[in-house]
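Analysis of the macromolecular model
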Amino acid sequence: MMAGKKNDRLLVRLQRLKAKAASVQPNDRAQLTALLDDVETLRDLLMRECARLDQEINRASVRGTAITAYGRSAQSVRALRRGH
């Protein structure tokens, strides 16, 4: 469950950024620049996590296909042994 904890931390960071964005004054360029940098950093982390999840989903799909193929093969071997 390491990924779950990491996802929780990313969500907490996002919530903190939302709170920080609400308190930033529109004319404070330094705070706006820092906020934009924090948002971009979090965005990069979220994009990496999305890519990791996409890879995990693809691996699970390949495993599912392999399991299905193995099952069909096993059924056909059993049918041949029974003489069908």
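This text follows the structure it describes.
Before going into details, it helps to say that this report is about the structure given with it. Only a predicted model underlies this, so the values are computations on that prediction, with no experimental measurement involved.

**Some words on the overall build of the protein chain**
Across its full length, the protein chain holds two helices and zero strands. Taken against the 2.2 N^0.38 rule, which gives 12 Å for 84 residues, the C-alpha radius of gyration of the protein chain at 24 Å runs more than 25% over that of a compact globule. Once the C-alpha set of the protein chain is aligned to its principal axes, its extents read approximately 85 × 20 × 15 Å. The buried share among the 84 residues of the protein chain stands at 7%.

**Section: the nonpolar core**
With five residues, the main nonpolar core is built from L10, L17, V24, L35 and L42. Listed by contribution, the elements that provide at least two residues to this core are helix 1 (2-23) and helix 2 (29-82). In this view, L42 contacts L10, R13, L14 and L17; residues no more than four positions away in its chain are not counted.

Criteria and cut-off values
- Residues numbered from 1 in each chain as written.
- Predicted model: local features only at pLDDT ≥ 70, side-chain atom pairs only at ≥ 80, totals over all residues.
- Heavy atoms only, no water.
- Helix = DSSP H or I, 4+ residues; strand = E, 2+ residues; numbered from the N terminus.
- Rg over C-alpha atoms; globule rule 2.2 N^0.38 Å.
- Buried < 20%, exposed > 50% of the residue type's maximum accessible area, 1.4 Å probe, protein only.
- Core = buried A, V, L, I, M, F, W, Y, C linked by side-chain atoms within 4.5 Å.
- Contact = heavy atoms within 4.5 Å.

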